[in-house]
Amino acid sequence: YELGKVEIAGSSPVDPAVLLKEGDFKSGDVANFDRVGDGLERVRKAVRRAGYLQVKVTSDRKIDDAKKAVDVEVHVAPGPLYLMGKLEIAGLPLDGEAEIRRIWTLKEGKALNPEYPDYFLSRIKADGVFDDLGKTKADQKVDEQNHVVDVTLTFTGENPDQKPGRRTRRQ
């Protein structure tokens, strides 16, 4: 059997075309349901990145014996939308904290991408924003009742007695 048509059934908070592309379903290939399951997980993550932290993604198979094909309907139950709450920054001097707030793009009251805080910290390290930057950590405090997530970014210097400082440009 081959994988037939794959479609998003019902409504979705994320454009169905975007989800199908993210799922990378290969219509016409052999119907491998391990690959379909992987695609469903990619769809789930895409909806989570849009702020729906409790999303559930399921599928129904429709087998057409005459065509030797299996069509798949993907169902997205997004759950509530979670918003970015307060951003707390620990372990930086005031100028360092100001720089982090300046380059942090996830604004309070906007849909939360739960992957963004860790991605942000990895970019801070890779781009060398601070000298002597040691361990960093992002913690998320979820308010299930109000669907708001507060984020705390913690910075430590490589030398425990020294706080990370802003990198200065040499001329």
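Look up: the structure comes first, before these words.
Residues numbered from 1 in each chain as written. Predicted model: local features only at pLDDT ≥ 70, side-chain atom pairs only at ≥ 80, totals over all residues. Heavy atoms only, no water.

Description of the overall build of the chain
Working step 1: When you go through the chain residue by residue, the secondary structure sums to four helices and eight strands.
Working step 2: Starting at the N terminus, the α and β elements of the chain follow one another as β-α-α-β-β-β-α-α-β-β-β-β.
Working step 3: A principal-axis box enclosing the C-alpha atoms of the chain has dimensions of 70 × 40 × 25 Å.
Working step 4: Counting across all 171 residues of the chain, residues that qualify as buried make up 35%.
Working step 5: Here the contacts in the chain between residues at least 6 apart in sequence split such that 59% fall between residues at least 24 apart.
Working step 6: By element, 46% of the accessible surface of the chain is carried by carbon and sulfur atoms, the whole surface being about 10500 Å².
Working step 7: Here the chain holds 29 positive side-chain charges and 30 negative ones, and the gap between their average locations is 3 Å. (Helix = DSSP H or I, 4+ residues; strand = E, 2+ residues; numbered from the N terminus. Buried < 20%, exposed > 50% of the residue type's maximum accessible area, 1.4 Å probe, protein only. Contact = heavy atoms within 4.5 Å. Areas by Shrake-Rupley, 256 points an atom, 1.4 Å probe, with all protein chains shown as cover. Lys, Arg positive; Asp, Glu negative; His and termini not counted. Charge placed at Lys NZ, Arg CZ, Asp CG, Glu CD.)

Here we look at the pattern of salt bridges
Working step 1: Within the structure shown, the criterion is met by twelve salt bridges.
Working step 2: Close ionic contact of Asp127 with Arg123 constitutes a salt bridge, the shortest N to O distance being 2.6 Å. With Asp127 and Arg123 both in helix H4 (residues 116–127) and four residues apart, this pair spans about one turn of that helix.
Working step 3: Looking at Asp127, the relative accessible area reads 45%, which means it is partly exposed.
Working step 4: Through salt bridges with shared partners, a single ionic network connects Glu22, Arg49 and Glu115. (Salt bridge = Lys/Arg side-chain N within 4 Å of Asp/Glu carboxyl O.)

Observations regarding the packing of aromatic side chains
Working step 1: Within this structure, the stated rule accounts for five aromatic pairs.
Working step 2: Aromatic pair Trp104 and Phe120: ring centres 4.9 Å apart, planes at 80°, arrangement edge-to-face. Placement of Trp104 in the loop between helix H3 (94–103) and H4 and of Phe120 in helix H4 is noted, with a sequence separation of 16 residues between them. The burial state of Trp104 is the same as that of Phe120; both residues are buried.
Working step 3: Ring centres 5.8 Å apart and planes at 40° place the aromatic pair Tyr116 and Phe120 in the tilted group. Of this pair, Tyr116 and Phe120 both sit in helix H4, four residues apart, which is roughly one turn of the helix.
Working step 4: Given the relative accessible area of 13%, Tyr116 is considered buried.
Working step 5: Put simply, the rings of Trp104, Tyr116, Tyr119 and Phe120 touch in pairs and so form one group of aromatic residues.
Working step 6: Note that Arg61 overlies the ring of Phe33, its terminal NZ or CZ placed 3.7 Å from the centroid. (Phe/Tyr/Trp six-rings, centres within 6.5 Å; stacked < 30°, edge-to-face > 60°. Lys NZ or Arg CZ within 6 Å of the ring centre and 35° of its normal.)

Here's the deal with the pairing of strand S2 (residues 56–64)
Working step 1: Inspection of the sheet shows S2 paired to strand S3 (residues 69–77) by nine bridges, in the antiparallel sense. Within S3, the position partnered with Thr58 by the bridge is His75.
Working step 2: Where S2 hands over to S3, the hairpin turn is made up of four residues, of which Lys68 adopts a positive phi near 55°. (Pairing = 2+ DSSP bridges.)

With respect to the pairing of strand S6 (residues 133–143)
Working step 1: In this sheet, strand S7 (residues 148–157) lies alongside S6 in antiparallel orientation, the contact comprising nine bridges. Bridge pairing links Thr136 to Phe155 in S7.

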